[in-house]
Amino acid sequence: MAKFINPFTDVGFKIIFGQEFSKPQLLDFLNTLLAGERSITDLKFLDKEQPAIHDDDRSPIYDILCETAAGEKIIVEMQNSEHPNFRERMLYYASEAIVRQGEKGENWKYKIKAVYMIAFTNFMLAGYADRLRVDVRMTDNEGGLFTDKLRLICLQIPCFTKEAEECENHFERWIYILKNMETLNRMPWAAQNAVFQRLAEVAEVSKLSKEDRLKYDMALKRYRDTLNTITGAEEKGRAEGRAEGRAEGRAEGKHDKALETARRMKADNMPTELIAKYTGLTIEDIEKI
């Protein structure tokens, strides 16, 4: 049995980042992610299920929704299965958080707070297969920042391939732990870092309450079912591709054999119509020989 929880399950992700007692981990990770540009001193967790703006709308449900002391909204999501419109989904979630800042009346002047949408993905976006971090801002055509009120960050976990001893900074150590946590026998860097020591304590499976353990076991089953579905679809696609390749190969071989037979028949001055009849080739194919 694994010593630590799997952070790619919804329950595991919430335990690590999405509860009041896990705030130190989330603060540390966010400040590591945004190092050099800003520092977050405190966070307030908000209800992850937001009411629909209109009666016939769906209520957005986030994995984690929190607010900084300055009023900025931070959405943190974990996505295991590839979504055909995942970029648009990120934009939609962030836009919803922007729209909800609107106020009624003429006195409101569209003064909004920044919204950060951060997504951990267990797959890679098309066109970004070699990048761990895809960081999107709103810029003009010359690369100048148009507004700092919208930020989308996608962390593509499969792109990270470093071993523990190869990690060069705190951010890489975070990604290594998250990617490998379920297979670790001990928490690396815990002796040197209080956040990782705390993470080792809250993420140990044996220390979960009975209620959380039941929830985690169910979440782990859903996660593994998802992986099996993805793997099954990929294997089916490869099998179909191999079968199609074999069929194409047989068809090409049959066609090549027919062409060779047609060449010999044509060399013996046999009528084109007769060659076509016995080889199955078209008149046009035979005339090109």
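Here, every reference points to the structure presented above.
Residues numbered from 1 in each chain as written. Predicted model: local features only at pLDDT ≥ 70, side-chain atom pairs only at ≥ 80, totals over all residues. Heavy atoms only, no water.

Focus: the environment of phenylalanine 17
Next, step 1: For phenylalanine 17, the location among the structural elements is in helix α1 (residues 10–17).
Next, step 2: Once the C-alpha coordinates of phenylalanine 17 and aspartate 63 are considered, the two residues, 46 residues apart in sequence, prove to be 9.7 Å apart.
Next, step 3: Look past the residues within four positions of phenylalanine 17 in its chain and what remains in contact with it is Ser22, Gln25, Leu26, Phe29, Phe45, Ile64, Phe120, Trp174 and Leu178. (Helix = DSSP H or I, 4+ residues; strand = E, 2+ residues; numbered from the N terminus. Contact = heavy atoms within 4.5 Å.)

Quick notes on the state of the cysteines
Next, step 1: A complete count under the given rule lists 0 disulfides for this structure.
Next, step 2: We note that cysteine 159 lacks a disulfide partner, and the nearest cysteine sulfur, in cysteine 154, lies 8.9 Å from it. (Disulfide = S-S within 2.5 Å.)

A short note on the side chain of glutamate 172
Next, step 1: With respect to the helices and strands, the residue glutamate 172 is situated in helix α4 (residues 170–180).
Next, step 2: Ignoring sequence-local partners within four residues, the contact set of glutamate 172 consists of Phe160, Lys162, Glu166 and Cys167.

Re the pairing of strand β4 (residues 115–121)
Next, step 1: Here β4 lies mainly inside the structure; 7 of its 7 residues are buried.
Next, step 2: Here β4 shows a buried face lined by Val115, Met117, Ala119 and Thr121 and a second buried face lined by Tyr116, Ile118 and Phe120.
Next, step 3: The pairing of strand β3 (residues 73–79) with β4 spans 7 bridges and is parallel. Bridge assignment links glutamine 79 to a residue of β4, and that residue is threonine 121.
Next, step 4: Summarising the sheet, β4 and strand β6 (residues 145–156) pair through 7 bridges and their orientation is parallel. Paired with phenylalanine 120 across the bridge in β6 is leucine 155. (Buried < 20%, exposed > 50% of the residue type's maximum accessible area, 1.4 Å probe, protein only. Pairing = 2+ DSSP bridges.)

Nothing here speaks to function; it is geometry throughout.
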